[in-house]
Amino acid sequence: MAYIVDFKNVSTIGLESSPVADALAGLRANEARYFMNKYKHELTVLPASESQETLDYVNRVLKEERELEFAAKPLETASFQVENIKWTYVFYEDGLAINVLYTVDDPKKRAVGFKLSEGMEVPKELEGKFKFARQKSKLAGTIRGSFFKIKGEY
């Protein structure tokens, strides 16, 4: 069932099985606030079990671009377009959030972002491959993030 993420009253709905559920909920709310403030768009997530097509898309981009496959269980996804950008999210049980930013009309503005919830370790799949910048968030505490540019067409 779809859930509109509330960034004023942070909730762990859908994320309860995560060992860092509160931090992951804060990270998800932080993303929801960004979309509301920048685009006036509500972030709506679906259980991963109801969104196999979205998971397949993100997994394909990760595999083809960087040979990445994550062992963590996906909990939720989101997929939508605002203006000329397609956004796709996967929130994982271990606290990882992956987003694919795919600009429809500008191949130079396409990237995959990784955000780590406060309290989680860097996933073994990313160790030594990426440097993570830190960002403070009132909703999520300290978020560590990194990204890579997408070269292919998806």
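Residues numbered from 1 in each chain as written. Predicted model: local features only at pLDDT ≥ 70, side-chain atom pairs only at ≥ 80, totals over all residues. Heavy atoms only, no water.

### Some words on helix 2 (residues 52–66)
Because an α-helix packs 3.6 residues into every turn, residues spaced three or four apart end up facing the same way.
Here comes step 1: Helix length check: helix 2 (15 residues) gives 21 Å between terminal C-alpha atoms against 21 Å at 1.5 Å per residue, within 8%.
Here comes step 2: Looking at helix 2, one finds that the buried residues are Thr54, Leu55, Tyr57, Val58, Val61, Leu62 and Glu65. Buried residues along helix 2 cover an arc of 160° about the axis, so they all sit on one side.
Here comes step 3: Elements in contact with the buried residues of helix 2: strand 3 (74–82), strand 4 (85–92), strand 5 (96–103), strand 6 (110–116) and strand 8 (141–149). (Helix = DSSP H or I, 4+ residues; strand = E, 2+ residues; numbered from the N terminus. Expected span 1.5 Å × (residues − 1). Buried < 20%, exposed > 50% of the residue type's maximum accessible area, 1.4 Å probe, protein only. Arc of directions from axis to C-beta. Contact = heavy atoms within 4.5 Å.)

### Regarding the packing of aromatic side chains
Here comes step 1: Under the criterion given, the structure shown has 13 aromatic pairs.
Here comes step 2: Between Phe35 and Tyr39, the aromatic rings sit 6.0 Å apart at their centres with planes inclined by 25°, giving stacked as the arrangement. Placement of the pair is Phe35 and Tyr39 together in helix 1 (residues 21–39), with a separation of four residues, close to one helical turn. The same class applies to Phe35 and to Tyr39, which are both buried.
Here comes step 3: Taken together, a centroid distance of 6.0 Å and an interplanar angle of 85° make the contact between Phe35 and Tyr89 edge-to-face. Within this pair, whereas Phe35 is found in helix 1, its partner Tyr89 is found in strand 4, the two being separated by 54 residues in sequence.
Here comes step 4: Cluster of aromatic residues (ring-pair linked, three or more members): Tyr34, Phe35, Tyr39, Phe80, Trp87, Tyr89 and Phe91.
Here comes step 5: Lying over the aromatic face of Tyr102, Arg110 brings its terminal NZ or CZ to 3.9 Å of the ring centre. (Phe/Tyr/Trp six-rings, centres within 6.5 Å; stacked < 30°, edge-to-face > 60°. Lys NZ or Arg CZ within 6 Å of the ring centre and 35° of its normal.)

### Some remarks on the sheet that holds strand 5
To summarise the sheet geometry, strands pair through backbone hydrogen bonds and adopt either a parallel or an antiparallel arrangement.
Here comes step 1: Read across the sheet, eight strands follow the order 1-2-3-4-5-6-8-7 without closing on themselves; strand pairing throughout is antiparallel. Looking at the sheet topology across the chains shown, the edges are occupied by strand 1 (3–4) and strand 7 (133–137).
Here comes step 2: Running over the sheet, helix 1 touches strand 1, strand 2 (44–47), strand 3, strand 4, strand 5, strand 6, strand 7 and strand 8 and is turned about 165° from strand 4.
Here comes step 3: Of the strands in this sheet, strand 3, strand 4, strand 5, strand 6 and strand 8 touch helix 2, which is tilted by about 95° from strand 4. (Pairing = 2+ DSSP bridges. Axes fitted to C-alpha atoms, helices over the stretch in contact; angles between N-to-C directions.)

Note that all results are geometric; they support no functional claim without further evidence.
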